[in-house]
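Each chain, letter by letter, is given below.
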Amino acid sequence: MKLSQKDKKLIEMASDLVKSNKDLYPPESPHVGAILLAKSGKVYKGINILTSHSICAEQVAIGQALACGERKFDTIVSVSLDSAGNTEVVSPCGVCRYLFDKLGMDIYVIVRDVENNMNLKVKPGELLPYRYERAEE
């Protein structure tokens, strides 16, 4: 799905977020910011936290939204910042894809289609088409 003006604004917000927090990381470390738009219209922000058990920006934004009582979501986007100060949309890692699925999030995810050099919007099932299901014991 092509991006709307609203989606482009979310990307811009994520870019501003990651740029304003670049002081938290060494230059060679990943800098990622995420913006989560809830169905209520509220926006939740997340940045990645680098520790021995790092936390993704998407997880921080989702946790914040859930803690504030949100349960219905519209769109999430993550943006990385390189050492030259440029930003680009990044696709969520496998753990975040699994989180979207396990939380049953009916959400759009803005991702980078690297083969076609474009950003687009997809549903979590398109990111994780072959779901993991644990057998009941």
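To start, this report covers the structure provided alongside it. All values derive from a computational prediction rather than experimental measurement. (Residues numbered from 1 in each chain as written. Predicted model: local features only at pLDDT ≥ 70, side-chain atom pairs only at ≥ 80, totals over all residues. Heavy atoms only, no water.)

**Section: helix α1 (residues 5-20)**
And then number 1: Between its terminal C-alpha atoms α1 stretches 23 Å, which fits the 22 Å expected from 16 residues at 1.5 Å a residue.
And then number 2: Within the sequence span of α1, burial applies to Asp7, Leu10, Ile11, Ala14, Ser15, Leu17 and Val18. Projection of α1 onto a plane perpendicular to its axis shows the buried side chains occupying an angular sector of 165°, all on one side. α1 presents Gln5 and Ser20 as exposed residues on the side facing more than 90 degrees away from its buried surface.
And then number 3: For α1, the elements touching its buried residues are β1 (31-38), β2 (43-47), β3 (73-81), β4 (87-90), β5 (108-113) and β6 (118-122).
And then number 4: Its side-chain oxygen at 3.3 Å from the backbone nitrogen of Lys6, Ser4 defines the N-terminal cap of α1. (Helix = DSSP H or I, 4+ residues; strand = E, 2+ residues; numbered from the N terminus. Expected span 1.5 Å × (residues − 1). Buried < 20%, exposed > 50% of the residue type's maximum accessible area, 1.4 Å probe, protein only. Arc of directions from axis to C-beta. Contact = heavy atoms within 4.5 Å. Polar contact = N/O pair within 3.5 Å; in protein donor to acceptor, adjacent residues only side chain to side chain.)

**Quick look at the pairing of β1**
And then number 1: Most of β1 sits inside the fold, with eight of its eight residues counted as buried.
And then number 2: The alternating pattern of β1 places His31, Gly33, Ile35 and Leu37 and Val32, Ala34, Leu36 and Ala38 on opposite faces, both of which are buried.
And then number 3: By the bridge criterion, eight bridges tie β1 to β3 in an arrangement that is antiparallel. Pairing of Leu36 across the sheet is with Ile76, part of β3.
And then number 4: Alignment of β1 against β2, held across five bridges, turns out to be antiparallel. In the strand pairing of β2, Gly33 is matched with Ile47. (Pairing = 2+ DSSP bridges.)

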